[in-house]
Amino acid sequence: MSKQKVFSWPNRKKRTSGAIYDDEGCRIEVSGLHEGFLNRTDVPREKEQTVVEHALSLDCMWVVTVPDGWKVSSRQTIQLSFLKFKLEKPNDCESNFVDVFTERTDLPSRLKNFCGSIADSVVSKSNVLHIRFFAEAAAINSTFSILFTAFREKAAGETCDDDEYDCEDATCISADLRCNGRINCRFRWDEDECQVRGERCGGGFVGNYGVCLVRVGYLDC
């Protein structure tokens, strides 16, 4: 008689003050970016298939690390904005949820637990965040999409640098995020009065940061 391979993943640990189980087989690391996306679809297909075939639970961790402080005296933080959040079993906090942690993944370090029908924005206190997604087999179709943005906190009286954009809330973001079609500043100022890149404008066309470029001879100015 041939032996059948049995899949056995560690059971999810109960929520205690100790470190929470982190499945290394479903760990997604994102680093060095000033913005980016975290999606349910990032989960490896083979991992999801194993969950479905063997009625296991899906337990994945995203680790986001943004550039640490453009200035020595500055503190870098991260904002998470949920673009989509839909759990298969809303309000069933044992079957499916999204947790947000700081640099550590023990319960005292948890910033937010989302297991209902709404997920609001989260702001970190450092340049590292952990995002954990858990779903039992019956809730495997739960989904989410998150936009993360790196912020630099300004000191009192300080201004943003030339390669930064001032969000007018004591924080700066990379100037590249200005008028990119995504809301990065907490109060949306980065997309205020923007024109779409490539559109015609005042004798020229819209270039980077929503600026109107006018062709003079062979030069854009």
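Conventions and cut-offs
Here, residues in each chain are numbered from 1, in the same order as that chain's written sequence. Only residues with pLDDT of 70 or above have their local features reported here, since the model is predicted, and side-chain atom pairs are shown and tallied only from 80 upward, although totals for entire chains, interfaces and linings are computed over all residues. Only heavy atoms go into the side-chain values, all of them from the structure, while hydrogens and water stay out. For helices the rule is a DSSP run of H or I covering at least 4 residues; for strands it is a run of E covering at least 2, with both sets numbered from the N terminus onward. Think of it in three bands: with a 1.4 Å probe and only protein chains considered, a residue is buried below 20% of the maximum accessible area for its type, exposed above 50%, and partly exposed in between. Contacts between residues were defined by any pair of non-hydrogen atoms, one from each residue, lying within 4.5 Å. We get accessible surface area from the Shrake-Rupley algorithm with a probe of 1.4 Å; when it comes to residues, only the shown protein chains can shield them. This arc is built from the directions going out from the helix axis to the C-beta atoms. Residue types Ala, Val, Leu, Ile, Met, Phe, Trp, Tyr and Cys, when buried and joined through side-chain atoms within 4.5 Å, form a set referred to as a nonpolar core. A pair of strands is treated as paired once DSSP finds two or more bridges between them. Basic side-chain nitrogens of Lys or Arg form a salt bridge, by our definition, when they fall within 4 Å of a carboxyl oxygen of Asp or Glu.

Under an unreviewed UniProt entry, the name given to the protein chain is CUB domain-containing protein, and the source organism is Culex quinquefasciatus.

A.B. asks: Explain the overall build of the protein chain to me, and be specific about the residues and the numbers.
C.D. replies: Summing up its helical and strand segments, the protein chain has 1 helix and 15 strands in all. Going through the 221 residues of the protein chain one by one, you find that 45% of them count as buried. Sequence-distant contacts in the protein chain: of pairs separated by 6 or more residues, those separated by 24 or more amount to 62%. Looking at the protein chain as shown, the accessible area adds up to about 12500 Å², and 49% of this sits on carbon and sulfur atoms.

A.B. asks: Talk me through helix α1 (residues 45-53); I want residue IDs and the actual numbers.
C.D. replies: All of the buried residues along α1 are Lys47, Glu48, Thr50 and Val51. Each buried residue of α1 lies within a common arc of 160° when the element is viewed along its axis, so the set occupies one face. Residues Arg45, Glu46, Val52 and Glu53 are exposed on α1 and point more than 90 degrees away from its buried face. Each element contacted by the buried residues of α1 is listed here: β3 (58-65). At the C-terminal side of α1, Ala55 shows a positive phi close to 50°.

A.B. asks: Now, about the nonpolar core: what can you tell me, with residues and values included?
C.D. replies: Grouped together as the largest cluster of nonpolar side chains are 34 residues, with contacts concentrated most on Leu38, Leu58, Trp62, Leu80, Phe85, Ile131 and Phe148. For this core, the elements supplying multiple residues, two or more each, are β1 (27-31), β3, β4 (76-86), β5 (96-101), β8 (128-135) and β9 (143-153). A total of 5 residues in this core trace back to one element, the largest contributor, which is β8. Those residues in contact with Leu80 that sit more than four places away from it in its chain are Val100, Ser121, Val122, Leu129, Ile131, Ile146, Leu147 and Phe148.

A.B. asks: Help me get a handle on the pairing of β5, residues and values and all.
C.D. replies: Of all 6 residues that make up β5, 6 are buried, and the element is covered over most of its length. Bridging between β5 and β8 involves 6 bridges; their strand directions are antiparallel. Bridging from a neighbouring strand, Phe101 pairs with His130 of β8. Strand direction decides the pairing type here: β5 and strand β6 (residues 110-114), joined by 4 bridges, are antiparallel. Within the sheet, the bridge partner assigned to Val100 lies in β6 and is Lys112.

A.B. asks: Quick one: what's the story with the pattern of salt bridges, residue by residue and with numbers?
C.D. replies: Tallied over the entire structure, the rule returns 12 salt bridges. Put simply, Arg40 and Glu48 hold a salt bridge, and the shortest N to O gap is 3.3 Å. We classify Glu48 as buried; its relative accessible area is 15%. Here Asp99 makes a salt bridge to Arg110, at a shortest N to O gap of 3.6 Å. In this pair, Asp99 sits in strand β5 while Arg110 sits in strand β6, placing the two residues 11 residues apart along the sequence.

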